[in-house]
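Reading the structure
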Amino acid sequence: MTTRLLRLSSFRYLLKHPLLMALSILGVALGVAVVVAIDLANTSATEAFRLSSEAVTGRATHSITGSRDLLDERVYRDLRLNGSIREAAPIIDGYVSAPGDPGRTLQVIGVDPLVEGPFRAYTGAADSGLDLGQFMSARPTGLLSAFTATSLGITEGDSLEVAFEGKRFVVSILGLINSESEQAARALDNVMVVDISTAQNLLRMDGKLSRVELIIPDSEGGASLLQSIENVLPEGAQIEPSASKTDTLAQMTRAFSLNLVALSLLALVVGMFLIYNTVTFSIVQRRAMIGRLRALGVTRREIFQLILGEALLIGTLGTILGLFAGVALGTGLVQLVTQSINDLYYVVRVRSFDVSLWSLAKGMALGIGATLLAAIPPAREATSAPASSVMRRSEEETKLYRIIPKLVWISLATAVAAFGLLALPGNSIPLSYTALLLLILAFAGLTPGAVILFTRWFKPVLSLFGGVVGRMAAQGTVTSLSRTAVAIASLMIAISATIGVGVMVNSFRSTVEVWLSYTLQADVYISPPGLVFRRNDATVSPDVEAVLRNAPGVAAAYSVRTAEVTAGGRPSDLIVVEPGPQRDQGTRFKEGGRIWGDADELEKVVVSEPYSFRYDVHVGDSIDIATDSGLKTFSVGGVYYDYGSDLGAIMMSRKTYEAHFDDRGISGISLYVEPGKDVEEVIRSLRIGLEGKQEVLMRSNRSLREASLDVFDRTFTVTIVLRLLAVLVAFIGVLSALMALQLERARELAVMRANGLTPRQVWKYVTLQTGFMGWMAGLFSIPLGLVLAYVLIFVINQRSFGWTLQMEWSPAILIQAVLLALVAALLAGVYPAWKMSRAKPAEALRDE
Amino acid sequence: METKKEPLVRVSNLTKVYREGETERVVFSGMNLDLHPGELVVLLGRSGSGKSTLLNLISGIDEATTGKIFFGEVELTALSENDRTLFRRESIGIIFQSFNLIPTLTVAENMLLPMELNGRLSEERRAKALGVLEEVGLLNRQDSYPDRLSGGEQQRVALARALAHEPLLILADEPTGNLDLKTADQVMQILHRLIHDEKRTMLIATHDRDILNLADRILSLKEGVLTEVKIQDIAGL
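Definitions and limits used
Residues numbered from 1 in each chain as written. Chains lettered and ligands numbered in written order. Predicted model: local features only at pLDDT ≥ 70, side-chain atom pairs only at ≥ 80, totals over all residues. Helix = DSSP H or I, 4+ residues; strand = E, 2+ residues; numbered from the N terminus. Buried ≥ 20, exposed ≤ 12 C-beta atoms within 10 Å, placed from the backbone. Contact = placed C-beta atoms within 7 Å. Pairing = 2+ DSSP bridges. Axes fitted to C-alpha atoms, helices over the stretch in contact; angles between N-to-C directions. Core = buried A, V, L, I, M, F, W, Y, C linked by C-beta atoms within 7 Å. Domains from an automatic or database assignment. Parallel < 35°, antiparallel > 145°, perpendicular 65-115°, else oblique. Left-handed = near helix turned anticlockwise from the far one by under 90°. Nonpolar A, V, L, I, M, F, W, Y, C, P; charged D, E, K, R; others polar. Expected span 1.5 Å × (residues − 1). pLDDT = per-residue confidence, 0-100.

On to the overall build of chain A. The helix and strand inventory of chain A stands at 27 helices and 21 strands. Counting every position in chain A, which comprises 848 residues, the buried fraction comes to 50%. Here the analysis covers contacts within chain A between residues at least 6 apart in sequence; of these, 84% occur between residues at least 24 apart.

Quick look at the structure:
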């Protein structure tokens, strides 16, 4: 244990350098804030999804589902007639929008109130006082959670307008569901309970159910009951535990969430380097004092504890600040994260932002742990040297010079090890990030050598700008290499992180742009409004379809149907296309090719690249798909490029679909306008032709492309926000590291002032030196940033989502990085230069 | 000289070699030295002759290349770095030429630090330490930080710090080297009182003639060889 006086000495040192301490605390705080915010946002979104799933699932243990998430209602009827199980309830669930409150999505749960009792307490239990006659009448009626009703400004007896796939309905609110607990209230937020027939009408599911729910005891009797139900199920229907669907949906966002967490950790790693830099600096500055303490009999262990104690103080203060900032930031980020989930995966609405103690505890452990981890190497360094040499600073510089060749070799070996890890087979994302970290360390290790080389090369340039002062400024960078190299390496890492993420987003966007340019070939796209952008399985009504196909000026029309099917035992997206000469140009293949027109077309499908990656399915493999006529095996004829969904999709021709599924609906239609006709004119006439029919979205090629890129940008907003935060951490890093370095040179500058350097020359000296260091950090960050981007694009993205991306970078990102470093560095020089130029040399010389 | 007593410090066959790149520099080889309790030994030698190195070796700050240093029954050279440090803070007081006070501790705190490190800071000892501070004339500056003191005052604090925990041996490296004549004289008076009143064992590396006059023995370190000299044989001092 360190003594009170040692701790006091240490504390006074920190107080004597308030600016440095404040910037270090801010560095930790920002890193922790980003990690906590992302964690809270992810947790809130997942929790909201889990609660809404549980609200619907209730106490059901199993459910019977059909293909395309639709089950013939006769399955339920037969089950009832069969009499093998009493506790069975039909369910329809889906989503509608509330036009009166744009952006609000309501989850519709259709139930049979007569059998609901054992399943869900809120849906019409016997003692609820619900007027069953009205609830089950032909007029659309429903129950709404009290909280939702309040937020919509309606009450019992009012009407609520809802819309589904472009059609509007007015639902009378018969009653409000009052929940006993806060959790139940949250689970039922935006839930509307209606009678099963009302749900069928609203969601256009005549004769269909979403599923039949069952309560089967977990016993031997239960197992045999399960078996007996399974035996009587018709083709295409299957029984599964209720939790499995929720789990599958939660897994969809696994890679998405994991990458957000990893990116947020990157901000913490940058923060760690800043801590490393700060602690190293504080030790270098106190080398003489540490030496005195050692001479007085303070042991290495006590010095080590002292330094870690300081780091602990900074880490704790920074972490506490970071937790508060994280909660504030998280409330903003949760909207971005849920928006991305809504765009890409499924409908989820977060009503309340959960500040879980577990997230805060993790943030606390990470913040303090990262700070201590970053402080250990410099603390060890401070205590490993013999007491006799600790007092001599030149020893440190000499030692660094001596080990540079060794450092270069170790760094190269670390880089080789990193690439070795990246080349390992398998898709481990944590391993990929470990390799990324090793690459960062390798570049950091190469920095001292690079600083020496660059100073040698650019000393004449600085001399040109600043004469003898310029030359001194350049030389000063090398003579204090032990401090400057650490600062430059820290800045390089902070800035390269911003380049890496920036180039990754850029590459992704340009790849998607190219993909959209060949995928979207038609002139007009029509679909009913849907709730999830990437998968619109709404149905175009047949009368609308007829108008569209036969409209004057339309040269060709191709339909598309999207549906969710069970393939390989997993819920998967199915895209059904109508082949044709123009349509076929929109698909490019990575493996295999088109299968339409093949003799065995009816037994073939193609899969998207992410699907192929996710489930390791390639040309020649087969997939079992639950069709309306039972489980059918399809062979894979091709793997096509697709950037619409990381979940992957299976594509089949309309002909194949109709051969295996009873569905004849279409989800959208693309129109090719006759040559010479004005597209806008055709759209106008189509709108006139569709008046009074189903509401549809009609978008020109350009507007759909723009809408797609808007969604892309929206889903990457959270990434861009993270990048901006990393830029902020980097900026603070540059500022604190260089400012500390210059402040530490007070004595050196005082000697120069004593020897005739004017205050103006001090300004010049400090500014040139910080500018030179910032410029070097910016320059070094370019190769590291590009390597990080390469790994993010070709390894981590591949292993997470399976997309083939083209690496694209704009010079703007690189210029921005160098400018960021340079501006921050110059700013960092302002205060020390001002302070040094005003300081009286005599005082500074005395202030040992 | 009390040569019949058991020596407090016995240096036996001590060698120190520094490696400087590819070359080796031998500071001294096969050196022997005894320091007896209550004895004041002055060490002379040009800059770079190895005086500070010898003090660092005896205090355990540095490690010998070969040879042994005994402190009573304890073989210092056989101790680990950690044990040497613990031994140093218990048994040795050091006065440096450049004072080496801790800038973030006040005068009184600098004084009390060695005792606190030893875990022996009682009220009685605190009072005694402040008594030493009074003796060096700086009790009224006990709450000042070192950078507010003059060089002479700083060295007096360093002197008081080296004495406060009552070490067995005091090592001083040019204690008056950075001081003007008047201040050096003040420091010398304190040293003089210590030697005669408290019979402390001291090894002082110095050129100060006034200290030479107080010495029981004068040793000269030249080209790695330690020889005893008489004060009258020393020219130019």
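On a plain count of helices and strands, chain B comes out with 7 helices and 10 strands. For chain B, the proportion of its 237 residues judged to be buried stands at 43%.

Despite not being glycine, E166 of chain B shows a phi value in the positive range, around 50°. Within the secondary structure, E166 of chain B is located in the loop between α5 (151-164) and β7 (169-173).

Turning to the sheet that holds strand β6 (residues 92-95) of chain B, a few remarks are in order. Residue and element names in this part refer to chain B. Within the open sheet, the 6 strands sit side by side as β6-β7-β8-β3-β9-β10. Their pairing is mixed. A strand with exactly one partner marks an edge of an open sheet, and here the two such strands are β6 and β10 (225-229). Taking the axes of each pair of neighbouring strands and ignoring which way they run, one obtains an average angle of 20° across the sheet. For strand β3 (residues 40-44) and strand β9 (residues 217-222), the ladder comprises 4 bridges, and the chain directions are parallel. If you follow L44 over to β9, its bridge partner there is S220.

A word on the nonpolar core. Residues and elements named next belong to chain A. Core analysis: the largest hydrophobic core is formed by 204 residues, its most contacted members being L439, I488, M492, V791 and A821. When residues are assigned to domains, this core turns out to be shared by domain 1 (10-54 + 265-383) and domain 3 (446-520 + 702-848), each giving three or more. Judged by nonpolar contacts, the second largest core, of 44 residues, contains V540, Y558, I625 and I666.

Quick look at the packing of helix α17 (residues 481-519) of chain A against helix α26 (residues 811-838) of chain A now. Residues and elements named next belong to chain A. Packing of α17 against α26 brings their axes to within 10 Å, and their N-to-C directions diverge by 160°. On the basis of their axis angle, the class for α17 and α26 is roughly antiparallel. Of the two elements, α17 crosses α26, and the hand of that crossing is right-handed. In this structure, α17 uses L491, I495, T498, I499, G502, V503 and N506 to contact α26, whose residues at the interface are I813, L814, A817, L820 and A821. Residue classes in the contact of α17 with α26 are distributed as 9 nonpolar, 3 polar and no charged.

Next up on the list: the interface of chain A and chain B. Every contact between the two is made by 24 residues of chain A and, on the other side, 23 residues of chain B. At the level of secondary structure, the elements contributing two or more residues to the side of chain A that touches chain B comprise α1 (4-16), α11 (287-296), α12 (300-344) and α14 (387-390) of chain A. By residue number, the principal contributor to the side of chain A that touches chain B is α1 of chain A, which donates 7 residues. Tallied by class, residues from the side of chain A that touches chain B come to 10 nonpolar, 5 polar and 9 charged.

All names here are of chain A. In terms of burial, strand β5 (residues 141-145) is largely enclosed, as 5 of its 5 residues are buried. Of the two faces of β5, the one holding T141, L143 and S145 and the one holding G142 and L144 are both buried throughout. Pairing geometry for β5 and strand β7 (residues 167-177), over 5 bridges, is parallel. Bridged to L144 within β7 is L176. As paired elements, β5 and strand β8 (residues 191-195) share 3 bridges and run antiparallel to each other. In the strand pairing of β8, L144 is matched with M192.

Before going further, it helps to examine α17 of chain A. A rise of 1.5 Å per residue sets the reference length of α17 of chain A, with its 39 residues, at 57 Å; its end C-alpha atoms lie 55 Å apart and thus fit the reference within 8%. The buried count for α17 of chain A comes to 29 of 39 residues, which makes it a mostly enclosed element.

A separate point is the sheet that holds strand β1 (residues 9-20) of chain B. Residues and elements named next belong to chain B. One open sheet accounts for 4 strands, arranged β2-β1-β4-β5; its pairing is antiparallel. Of all strands in the sheet, those bounded by a partner on one side alone are β2 (23-35) and β5 (74-75). Of the strand pairs in this sheet, strand β4 (residues 66-71) and β5 are connected by 2 bridges, and their pairing is antiparallel. Its bridge partner being in β5, F70 is matched across the sheet by E75. Strands in contact with helix α1 (residues 51-59) are β1, β2 and β4; relative to β1, the strand with the most contacts, it is inclined by about 120°.

Another aspect to go through is the pairing of strand β8 (residues 201-205) of chain B. Residues and elements named next belong to chain B. Burial analysis of β8 places 5 of its 5 residues in the buried class, which makes it a mostly covered element. Both faces of β8 are covered, namely the face carrying T201, L203 and A205 and the face carrying M202 and I204. Sheet topology places β3 next to β8; 4 bridges connect them, and they run parallel. Considered in β8, the bridge of L40 is made with M202.

To continue, consider helix α3 (residues 107-118) of chain B. Counting buried positions along α3 of chain B yields 10 of 12 residues, so the element is predominantly enclosed. Elements in contact with the buried residues of α3 of chain B: α1 and α11 of chain A together with α2 (81-91), α4 (123-135) and α5 of chain B.

Further remarks concern the environment of F589 of chain A. Residue and element names in this part refer to chain A. You can see F589 is positioned in strand β15 (residues 589-592). Of the residues examined, F589 has 15 C-beta atoms within 10 Å and is grouped as partly exposed. C-alpha of F589 to C-alpha of V607: the two residues are 18 residues apart in sequence and 9.7 Å apart in space. Every residue in contact with F589, bar those within four places of it in the chain, is listed here: G638, V639 and Y640.

Okay, the packing of helix α16 (residues 429-479) of chain A against α17 of chain A next. Each pair of packed helices can be summarised by the angle the axes make with each other and by the distance between the axes. Residues and elements named next belong to chain A. Orientation of α16 relative to α17, taken along the N-to-C sense of each, is 110°, at an axis distance of 8 Å. Classified by the interaxial angle, the pair formed by α16 and α17 is roughly perpendicular. For α16 against α17, the interelement crossing comes out right-handed. Seen from α16, the contacting residues are I440, F443, A444, T447, P448, V451, T477 and V478; seen from α17, they are L481, T484, A485, I488, A489, M492 and I493. Taken together, the residues of the contact of α16 with α17 break down into 12 nonpolar, 3 polar and no charged.

To continue, consider the environment of D663 of chain A. Within the fold, D663 of chain A resides in the loop between α21 (654-660) and β20 (668-673). Expressed as a C-alpha distance, the spacing of D663 of chain A and A563 of chain A, which sit 100 residues apart in the sequence, is 9.9 Å.

This part is about the confidence of the model for chain B. Residues and elements named next belong to chain B. Looking at chain B, the pLDDT average stands at 85 and 96% of residues meet or exceed 70. Mean pLDDT per element in chain B: helix α6 (residues 181-198) is the minimum at 77, and β4 is the maximum at 93. This prediction of the complex comes with two scores: 0.67 for pTM and 0.76 for ipTM.

This next bit is on the environment of K16 of chain B. All names here are of chain B. In this fold, K16 is placed in strand β1. Along the chain, K16 and T53 lie 37 residues apart, while their C-alpha atoms are 8.4 Å from each other. The contact partners of K16, leaving out residues within four places of it in the chain, are V27, F28, T53, L57, A64 and T65.

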